[in-house]
Amino acid sequence: MSRTKLIAANWKMYKTPDQTRAFFADFLPLVSGHTRDEIVVCPPYVDLAAALEAVKGSNVGVGAQNLHWKDEGAFTGEISAQMLLALGITHVIVGHSERRQYFGETDDTVNLRLKAALEAGLTAICCVGEVLEEREAGLTEEVLRRQCVRAFHAISAKKAAKLVVAYEPVWAIGTGKTATPELAAEAHAVIRSEATEVFGEEFAAELRILYGGSVKPDNASALMSQEEIDGALVGGASLDPKSFAAIVKY
Ligand code: PEP
């Protein structure tokens, strides 16, 4: 079974449209001709148009960091799948731990967003992961299974064709602490087994599960060499073109 790895950048709330153009001017030549992995950059909404313009004709895709589950409506500050599609966006992150931690995202709203993204035909990167207290209490497996089962609720294997899961242990995000490759692979196996229960073995065998949490050029290769790790979701180290390119080329 060979799953094409996906290396995705999550820029969070960083960069203006001008800074986005400058990033791609430096980044694209560094990864041109790189076909081994799929590369996607997820900037803030206001940078999406500039990013799409910059990547035209290249091997790099553009994703959003969130979406609402309705097509339109009185939801101030929200963006729908239809709006992303109209722009030409192909990927979207759902349920990032910062949304869960700071913006009231719950397992149920993650499920609504995930369903909307998949129904619209977007590749949805659904984030799951335990906080430090849960890991220390031995609850990692239970938390991952709960987050997956609730996120996948009422989604068929057919609808989930473009699902990607990102395992992001919250204690490793932006902290410089990375899960060891073995520990990440263990968590990925739990996620794959939950996906097997919900969607079946065939689907789960093809499901891409990314690792996220302080991925840097110097640890990318050890993480990516794990059979269970199908790519990376990269925050801080994706803001610099050289460092993100080095991760892509792990
Ligand atoms: C993230 O925000 O998805 C992330 C993994 O951040 P960092 O790489 O900075 O830990």
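Higher on the page you've got the structure.
Report on the accompanying structure. Everything quoted here is computed from the prediction, not taken from an experiment.

Reading the values: rules and limits
- Residues numbered from 1 in each chain as written.
- Predicted model: local features only at pLDDT ≥ 70, side-chain atom pairs only at ≥ 80, totals over all residues.
- Heavy atoms only, no water.
- 1 Å grid on protein atoms, 1.4 Å probe; cavity = no way out; pocket = protein on both sides within 12 Å on 5 of 7 lines; lining within 4 Å.
- Points joined across faces, edges and corners; volume = space filled by probe spheres on them.
- Helix = DSSP H or I, 4+ residues; strand = E, 2+ residues; numbered from the N terminus.
- Nonpolar A, V, L, I, M, F, W, Y, C, P; charged D, E, K, R; others polar.
- Near = heavy atom within 4 Å.
- Polar contact = N/O pair within 3.5 Å; in protein donor to acceptor, adjacent residues only side chain to side chain.
- Areas by Shrake-Rupley, 256 points an atom, 1.4 Å probe, with all protein chains shown as cover.
- Buried < 20%, exposed > 50% of the residue type's maximum accessible area, 1.4 Å probe, protein only.
- Arc of directions from axis to C-beta.
- Salt bridge = Lys/Arg side-chain N within 4 Å of Asp/Glu carboxyl O.

**A look at the layout of surface pockets**
In this structure, the largest pocket encloses a volume near 510 Å³. Lining the largest pocket we find 17 residues, and of these Lys12, Met13, Gln65, Arg99 and Phe103 sit closest to its centre. Among the elements that line the lining of the largest pocket, the one with the most residues is helix α4 (residues 97-102), at three residues. Of the residues contributing to the lining of the largest pocket, the split by class is eight nonpolar, five polar and four charged.

**Brief notes about the site of the ligand**
Taken together, 14 residues lie around the ligand, and Lys12, Glu168, Gly174, Ser214 and Gly235 are the ones closest in. Between the ligand and Gly236, the relevant distance is 2.8 Å, taken from an oxygen atom to a main-chain nitrogen or oxygen of the residue. Coverage of the ligand by the protein chains reaches 98% of its 290 Å² of free accessible surface. Across the shell around the ligand, the residue classes tally to four nonpolar, eight polar and two charged.

**Some details on helix α10 (residues 217-224)**
One turn of the α-helix equals 3.6 residues, which is why residues spaced by three or four share an orientation. Looking only at α10, the buried set comprises Asn219, Ala220, Leu223 and Met224. The arc that holds the buried residues of α10, viewed along the axis, is 130 degrees, so those residues lie on one side.

**A few points about the pattern of salt bridges**
A complete count under the given rule lists 18 salt bridges for this structure. One salt bridge in this structure joins Arg21 and Asp18, with 2.9 Å as the shortest N-O distance. With Arg21 and Asp18 both in helix α1 (residues 17-31) and three residues apart, this pair spans about one turn of that helix. Residues Arg192 and Asp230 are paired through a salt bridge, measuring 2.9 Å at the closest nitrogen-oxygen approach. Of this pair, Arg192 sits in helix α8 (residues 181-199) while Asp230 sits in the loop between α10 and β8 (231-234), and the two are 38 residues apart along the sequence. An identical accessibility class is assigned to Arg192 and Asp230; each is buried. Linked through salt bridges whose partners overlap, the residues forming this network are Arg100, Asp107, Asp108, Arg146 and Arg150.

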